[in-house]
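# Reading the structure
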Amino acid sequence: MMQRGRKTKGEQEFLQTVVGVLKRSPEQAVGIAERFTTTNPSSVWGKLVLADVQQFLGRRSLAKKLYREVLSLDPQNPDALTGLALMPGTPGKEAVDFLRKAAENFPSAITYRNLAFKLWETGSLVDAAATFEVLRSMGQRRKDRRLVIVANRAIEQIRKGEPPIAVPYSGLGYDDEN
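### Re the environment of Ser43
- Here Ser43 is to be found in the loop between helix 2 (26-39) and helix 3 (44-56).
- According to the relative accessible area criterion, Ser43 is buried, its value standing at 6%.

Right under this line is the structure:
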């Protein structure tokens, strides 16, 4: 999941610990995240990481509950909105709405990329192509040739009536800046 904003030193150490432990012992990562959120109940970071770990383990109802708790603390939180949008079973229109709100609050390349794919999945091809065009212009502004190429290919595929060739990505530890 995309973790944004300022973290306290304790939150930074917590995030590094959970990500480091997750692959070798997911249940231990859950325990670490649960202890952190118990001792830091107002930490949005703690709840986001715990939600991500639960999502990673396939515990979608727990992850959904935690993402909603984050939104109760921070209604505009793009990480929680994206987590809910990309959760399997989230209806297409609802997922698009979550991602649009996330893009308004944190206009990053990965947010727009996820939005473009959800638009394509829901059959909104014109909107998907337009969103990939936003990505292309972001790439041009940032002089990110790779992003421009991926966006151009996706736009071309959509115009041909084919699915975009790249896949949306959201994963633990991924951090995309503007």
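Let's pick the thread back up.
### Some thoughts on the environment of Ala85
- Relative to the assigned elements, Ala85 resides in helix 5 (residues 78-86).
- Taking the relative accessible area as the measure of exposure, Ala85 reaches 0% and is therefore buried.
- Considered as a pair, Ala85 and Lys118 are 33 residues apart in the sequence and their alpha carbons are 8.7 Å apart.
- Each residue touching Ala85, except ones within four places of it in the same chain, is listed here: Thr90, Ala95, Phe98, Leu99 and Lys118.

### Focus: helix 2
- Taking 1.5 Å per residue, 14 residues should reach 20 Å; helix 2 reaches 20 Å between its end C-alpha atoms and fits that length.
- The set of residues buried in helix 2 consists of Ala29, Val30, Gly31, Ile32, Ala33, Phe36 and Thr37.

### Things to note about the packing of aromatic side chains
- Scanning the entire structure with this criterion turns up one aromatic pair.
- Ring geometry for Phe117 versus Phe132: centroids 5.4 Å apart, planes at 85°, classification edge-to-face. Taken as a pair, Phe117 in helix 7 (residues 109-121) and Phe132 in helix 8 (residues 125-142) lie far apart in primary sequence, 15 residues in all.
- The exposure class assigned to Phe132 is buried, which follows from its relative accessible area of 1%.

The rules behind each value
Per chain, residues are indexed from 1 in the order of the written sequence. Whole-chain, interface and lining totals are the exception, using all residues; otherwise, since this is a predicted model, local features are given only for residues with pLDDT of at least 70 and side-chain atom pairs are given and counted only at 80 or more. Hydrogens are left out, water is left out, and the side-chain values use all remaining heavy atoms of the structure. Helical segments are the DSSP runs of H or I of at least four residues, strand segments are the runs of E of at least two, and each set is numbered from the N terminus. To sort residues, take the accessible area from a 1.4 Å probe on protein chains only and compare it with the maximum for the residue type: under 20% means buried, over 50% means exposed, and anything in between is partly exposed. Contacts between residues were defined by any pair of non-hydrogen atoms, one from each residue, lying within 4.5 Å. Here the expected length of a helix is defined as 1.5 Å per residue gap, with one fewer gap than residues. Only Phe, Tyr and Trp rings take part, Trp by its six-membered ring, and two of them pair if their centres are within 6.5 Å. Stacked means planes under 30 degrees apart, edge-to-face means over 60, and tilted covers everything else.

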